[in-house]
Amino acid sequence: MAQAPGRRDPMTLAETDGLPDGFQEFLLALRDQVVAFKRPVAYVHGDSHYFRIDKPFLNALGQRLENFTRVETFGDNQANGNNDVNWLKVLVDPRSREVFAYQQQIVPGNRVAAPAP
């Protein structure tokens with residue numbers, strides 16, 4: 001049974017679904033740069049526009065790259081009936097070990113499940 005699209009081998013960063021892959025070389029180069037940089041790296045993107053902050057990147061040995069943080073932003077998912085048009089405040093403190101801190105900023109008019117007080 002094939003895995004869902006977007007699954008990657010953590011060692012080679014190749015797609016595991018057998019479909020053509022245009023990102024493996026980019027991801028390998030990014031991983032090399034993150035390892036060499038040895039400082040916090042924040043990778044911010046929209047992609048599916050579901051808010052999440054995580055540390056999904058592994059080195060070639062399968063060890064988590066703790067200095068790499070993926071930040072996926074909120075987005076307009078009206079097709080799914082989900083209006084997540086909110087924003088994210090990023091705080092930068094060069095004296096902090098992590099350097100970056102994140103605060104969700106929820107637009108009161110966009111709340112559905114828990115309406116604004």
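Predicted model only: the values in this text are computed from it and were never measured.

Looking now at the sheet that holds strand β1 (residues 41-45). Strand order in this open sheet of three strands is β1-β3-β2, and the pairing throughout is mixed. The open sheet has two edge strands with one neighbour each: β1 and β2 (52-54). Neighbouring strand axes in the sheet, compared pairwise and without regard to direction, differ in orientation by 15 degrees on average. One ladder, built from five bridges, connects β1 with strand β3 (residues 68-72); its direction is parallel. Residue pairing for β3: Ala-42 is matched across the bridge by Thr-69. Relative to β1, helix α1 (residues 24-37) is tilted by about 150 degrees, and along the sheet it contacts β1 and β3.

Inspection of every chain in the model, using the stated rule, returns six salt bridges. Note that Asp-21 and Arg-8 form a salt bridge whose closest N and O atoms lie 2.7 Å from each other. Residue Asp-21 is found in the segment before α1, and its partner Arg-8 is found in the segment before α1; the two are separated by 13 residues along the sequence. For Arg-8, a relative accessible area of 24% gives the class partly exposed. For Asp-93, the salt bridge goes to Arg-95, with nearest N and O atoms at 3.2 Å. You can call Asp-93 partly exposed: its relative accessible area is 28%.

The subject of this paragraph is the nonpolar core. In this structure, Leu-13, Leu-27, Leu-30, Val-34, Val-41, Phe-57, Leu-65 and Phe-68 together form the largest nonpolar core, which totals eight residues. Counting residues per element, this core draws most heavily on α1, which supplies three residues.

Our next topic: the packing of aromatic side chains. For the structure shown, the criterion picks out three aromatic pairs. Between Phe-51 and Phe-74 the ring centres are 4.5 Å apart and the planes differ by 5 degrees, which places this aromatic pair in the stacked class. Separated by 23 residues along the polypeptide, Phe-51 in the loop between β1 and β2 and Phe-74 in the loop between β3 and β4 (76-77) bring together distant segments of the chain. Given a relative accessible area of 25%, Phe-51 falls into the partly exposed group. Note on Phe-74: relative accessible area 12%, which makes it buried. Taken together, a centroid distance of 4.7 Å and an interplanar angle of 50 degrees make the contact between Phe-57 and Phe-68 tilted. Here Phe-57, found in the loop between β2 and β3, pairs with Phe-68, found in strand β3; they are eleven residues apart in sequence, far enough to count as distant.

Conventions used here
Residues numbered from 1 in each chain as written. Predicted model: local features only at pLDDT ≥ 70, side-chain atom pairs only at ≥ 80, totals over all residues. Heavy atoms only, no water. Pairing = 2+ DSSP bridges. Helix = DSSP H or I, 4+ residues; strand = E, 2+ residues; numbered from the N terminus. Axes fitted to C-alpha atoms, helices over the stretch in contact; angles between N-to-C directions. Contact = heavy atoms within 4.5 Å. Salt bridge = Lys/Arg side-chain N within 4 Å of Asp/Glu carboxyl O. Buried < 20%, exposed > 50% of the residue type's maximum accessible area, 1.4 Å probe, protein only. Core = buried A, V, L, I, M, F, W, Y, C linked by side-chain atoms within 4.5 Å. Phe/Tyr/Trp six-rings, centres within 6.5 Å; stacked < 30°, edge-to-face > 60°.

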